[in-house]
Every structure is written in structure tokens, then in C-alpha cells.
Amino acid sequence: MVAQARPPVDVDSILELLSEGGGRRTAARQAIVEAIVAAGNHVTADDIARRVQRRFPSVNISTVYRTLDTLEDLGVLDHVHLGHGRAVYHLTDEEHEHLVCESCDAVIELPASKLKPFLRSIEREHGFEVDRRHFAIVGVCRSCRESSR
Ligand SMILES: [Zn+2]
Ligand SMILES: [Zn+2]
Ligand SMILES: [Zn+2]
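Here, residues in each chain are numbered from 1, in the same order as that chain's written sequence. Working convention: letters from A go to chains and numbers from 1 go to ligands, in the order in which they are written. Only residues with pLDDT of at least 70 are given local features in this predicted model, and only at 80 or more are side-chain atom pairs given and counted; all residues enter the totals for whole chains, interfaces and linings. Only hydrogens and water are set aside; all other atoms, that is, all heavy atoms of the structure, feed into the side-chain values.

Attention shifts here to the overall build of the protein. Secondary structure counts use DSSP, requiring at least four H or I residues in a row for a helix and at least two E residues in a row for a strand, with both numbered from the N terminus. The helix and strand inventory of the protein stands at six helices and five strands. In the protein, the succession of helices and strands from N to C terminus is α-α-α-α-β-β-β-β-α-β-α. Taking the principal axes of the C-alpha coordinates as reference, the protein spans close to 50 × 45 × 20 Å. Relative to its 149 residues, the protein shows a buried fraction of 35%. Of the contacts made within the protein by residues no fewer than 6 positions apart, 47% connect residues no fewer than 24 positions apart. Note on areas: Shrake-Rupley with a 1.4 Å probe; residue coverage comes only from the protein chains shown. Counting every atom, the protein has about 9500 Å² of accessible surface; 50% of that belongs to carbon and sulfur. Taking the average place of the 19 positive charges on the side chains of the protein and the average place of its 23 negative ones, the gap between the two points comes to 3 Å. Accessible area is worked out with a 1.4 Å probe on protein chains only. A residue is then buried under 20% of its type maximum, exposed over 50%, and partly exposed in between. Working rule for contacts: check all heavy atoms of both residues, and any pair within 4.5 Å makes them a contact. Counted as positive: Lys and Arg. Counted as negative: Asp and Glu, with His and the chain ends omitted from the count. Note that the charge is assigned to NZ on lysines, CZ on arginines, CG on aspartates and CD on glutamates.

Next up, the structure:
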């Protein structure tokens, strides 16, 4: 058995993974992957579509969503809902949780290990398995709290 490799974060390896999964290597797909990697972190499908459409005006949002879905299936991407349902996509290279500030929309990444004891106790005491990747923890960030004082 081969050890689980870290998911790739560079354009070429992601495209390679896509074509191994049977997807065709189209210019549109390549542009989508490039946009995700260039954006860095936490972008909406609309953000990605806008970036791609600067070069490929014919690429529509449903192509973007399809590619994002495929990349999620391949374990390269994950999405999280910030606040009221807005989904943002991020590369899965480093496992993390999301704190999102309701007043300035800042997204703060938290190492996944921080929440593990809490999630384990929920599972133990309530038999409930939390899908921790899917939703952000919402609140008010330090700088907003300081400026409202
Ligand atoms: Zn993230
Ligand atoms: Zn804030
Ligand atoms: Zn979702």
C-alpha cells in the first residue's frame, strides 16, 4: 500500500490528476485550475468564473461548478460556507478550520487539531459526527472587537 500523498497544490499536478480521473485537458479547465491556484485561498465560484472569463469569455459558471465538483471529488479542493451560505473553495493542502468575522468578513484559519478534542467529545456524548469542513465558526474578529470598544 502506498501512503496517502498530500493533495497537489500546483497547476500541473492538479491537471495531471484531473486527466487521470478521465477528464479531458481542455484550455478552459486549465484556466479554471490556474485561477484557483492564483487566487490562493477561499474564493467563490463567481470569483473563479470572473477570472477565467477575462481570458475565455465563453466559459460559463456551470463549467466552473462542474470542475470544482470534480476537484472536490479528487480531494484537491474543499468548500466551506461562510456566514449565510456563501460557499468558498480552498485547496486542501493543509487541514484547517475557518473562523469568519461577521462584521468585516475576514477568514481566519485555525489548525484542525484545535477542534479535535471538542469534536471527539460531541461524538462520544451525543453519538453525533460533525462535518467540520462544511461550515465556518462565525463571530467577531479581534480587530473589529477592538475598534468597537
Ligand atoms: Zn480554508
Ligand atoms: Zn472583523
Ligand atoms: Zn456545501
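On we go.
Okay, the coordination of the zinc ion (ligand 3) next. Distances up to 2.8 Å from the metal define which N, O and S atoms are donors, and 3.2 Å serves for Na, K and Ca; water is absent from the atom set, so sites may look incomplete. Coordination sphere of the zinc ion (ligand 3), protein contribution only: His79 (NE2), His81 (NE2) and His134 (NE2), at 2.0 to 2.1 Å. Site description for the zinc ion (ligand 3): donor spacing in sequence, H-x1-H-x52-H. With His79 in strand β1 (residues 77-82) and His134 in the loop between α5 (116-126) and β5 (137-139), this residue pair connects regions lying 55 residues apart in the sequence. Overall, the relative accessible area of 18% leaves His79 in the buried class.

Time to look at the pairing of strand β4 (residues 107-111). Any two strands with at least two DSSP-identified bridges between them are counted as paired. Alignment of strand β3 (residues 96-101) against β4, held across five bridges, turns out to be antiparallel. Paired with Leu99 across the bridge in β4 is Ile108. In this structure, the hairpin formed by β3 and β4 is closed by a connection of five residues, where Asp105 is found at a positive phi of approximately 70°.

For the rest of this paragraph, the subject is the coordination of the zinc ion (ligand 2). Looking at the zinc ion (ligand 2), the protein donor atoms are Cys101 (SG), Cys104 (SG), Cys141 (SG) and Cys144 (SG), and they sit 2.3 Å from it. Bound by four donor atoms, the zinc ion (ligand 2) shows angles of 107 to 112° at the metal and therefore tetrahedral coordination geometry. On the primary sequence, the residues serving as donors to the zinc ion (ligand 2) are separated as C-x2-C-x36-C-x2-C. Of this pair, Cys104 sits in the loop between β3 and β4 while Cys141 is found in the loop between β5 and α6 (142-147), placing the two residues 37 residues apart along the sequence. Assessed through its relative accessible area of 38%, Cys104 is described here as partly exposed. Assessed through its relative accessible area of 9%, Cys141 is described here as buried. For four-coordinate sites, all angles between 85 and 135 degrees define a tetrahedron; for four- and six-coordinate sites, opposite donors beyond 155 degrees with the remaining angles between 65 and 115 define square planar and octahedral shapes respectively, and all other cases count as irregular.

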